[in-house]
Amino acid sequence: MKVGSRVKLDTFHGTKTAPPGCDPKKNYWKLIGVQGVVVQDPFTCCKYERFNNERSVLVKFDSALESLGLCCNDSAENSLWIPAADLLIVN
């Protein structure tokens, strides 16, 4: 998966539904089906160790995360670090 790839969130942490009692601000399962663009991968930034060697990429989603009541885990607007295994390439 390369920077610039169009992707769609297929699962989040390998599942399609949020666990019971999930914090609404961290219910990223709401983004399943939403598309975005890969804007960075962990091999090109200093945050790689944070992901415990799990291949994750920074995705800038087409939807406004704040409007869905979600918080971002990166300073880039509407962007989240997502495990690559949870994404489908759409382009």
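Residues numbered from 1 in each chain as written. Predicted model: local features only at pLDDT ≥ 70, side-chain atom pairs only at ≥ 80, totals over all residues. Heavy atoms only, no water.

S.K.: Explain the overall build of the protein to me, please; I cannot follow it from the model alone.
M.R.: For the protein, the count of helices and strands is zero helices and five strands. Moving toward the C terminus, one meets the helices and strands of the protein in the order β-β-β-β-β. Per-residue burial over the protein gives 36% buried out of 91 residues. Long-range pairs, those at least 24 residues apart, make up 60% of the contacts in the protein between residues at least 6 apart in sequence. Of the roughly 5,300 Å² of accessible surface on the protein, 52% is carried by carbon and sulfur atoms. (Helix = DSSP H or I, 4+ residues; strand = E, 2+ residues; numbered from the N terminus. Buried < 20%, exposed > 50% of the residue type's maximum accessible area, 1.4 Å probe, protein only. Contact = heavy atoms within 4.5 Å. Areas by Shrake-Rupley, 256 points an atom, 1.4 Å probe, with all protein chains shown as cover.)

S.K.: Mind showing me how you'd approach the side chain of Asp 86 here?
M.R.: In this fold, Asp 86 is placed in the loop between β4 (79-83) and β5 (87-89). Lys 16 is the oppositely charged side chain nearest to the buried, salt-bridge-free Asp 86, at an N-O distance of 9.0 Å. Residues in contact with Asp 86, not counting those within four places in the same chain, are Lys 8, Leu 9, Asp 10, Thr 11, Phe 12, His 13 and Gly 14. (Lys, Arg positive; Asp, Glu negative; His and termini not counted. Salt bridge = Lys/Arg side-chain N within 4 Å of Asp/Glu carboxyl O.)

S.K.: I'm lost on the packing of aromatic side chains in this one. Help?
M.R.: Each aromatic ring pair is described using two quantities: the centre-to-centre distance and the angle formed by the ring planes. For the structure on display, the rule yields two aromatic pairs. Seen from their ring centres, Phe 12 and Trp 29 are 4.9 Å apart, and the 85 degrees between their planes marks the pair as edge-to-face. With a gap of 17 residues between them, Phe 12 in the loop between β1 (6-9) and β2 (35-40) and Trp 29 in the loop between β1 and β2 connect regions that are remote in the sequence. Across this residue pair, the class does not change: Phe 12 and Trp 29 are buried. Through a chain of ring-to-ring contacts, the aromatic side chains of Phe 12, Tyr 28 and Trp 29 assemble into a single cluster. (Phe/Tyr/Trp six-rings, centres within 6.5 Å; stacked < 30°, edge-to-face > 60°.)

S.K.: Please clarify how the environment of Thr 17 should be interpreted in this entry.
M.R.: Examined against the element boundaries, Thr 17 turns out to sit in the loop between β1 and β2. When the C-alpha positions of Thr 17 and Ile 32 are compared, they lie 9.0 Å apart, and in sequence the two are 15 residues distant.

S.K.: Would you explain the pattern of salt bridges in this entry?
M.R.: Pairs can form between side chains of opposite charge whenever their charged atoms are close. Under the criterion given, the structure shown has two salt bridges. For Arg 6, the salt bridge identified is with Asp 62, shortest N-O distance 2.6 Å. Taken together, the residues Arg 6 in strand β1 and Asp 62 in the loop between β3 (56-61) and β4 connect sequence positions 56 residues apart. With a closest N to O distance of 3.0 Å, Lys 16 and Asp 10 form a salt bridge.

S.K.: What should I look at first to understand the side chain of Asn 27 in this one?
M.R.: Among the secondary structure elements, Asn 27 is positioned in the loop between β1 and β2. Judged by its relative accessible area of 17%, Asn 27 falls in the buried class. With near-sequence residues (within four places) excluded, Asn 27 lies in contact with Ala 18, Cys 22 and Leu 70.

S.K.: What exactly am I supposed to notice about the sheet that holds β3 here?
M.R.: Strand pairing in a sheet is mediated by backbone hydrogen bonds. Such pairs are either parallel or antiparallel. Strand order in the open sheet made by the five strands is β4-β3-β2-β1-β5, with antiparallel pairing throughout. Both edges of this open sheet fall to β4 and β5, since each of them pairs with a single strand only. Across the sheet, the mean angle separating the axes of adjacent strands is 45 degrees when strand polarity is ignored. (Pairing = 2+ DSSP bridges. Axes fitted to C-alpha atoms, helices over the stretch in contact; angles between N-to-C directions.)

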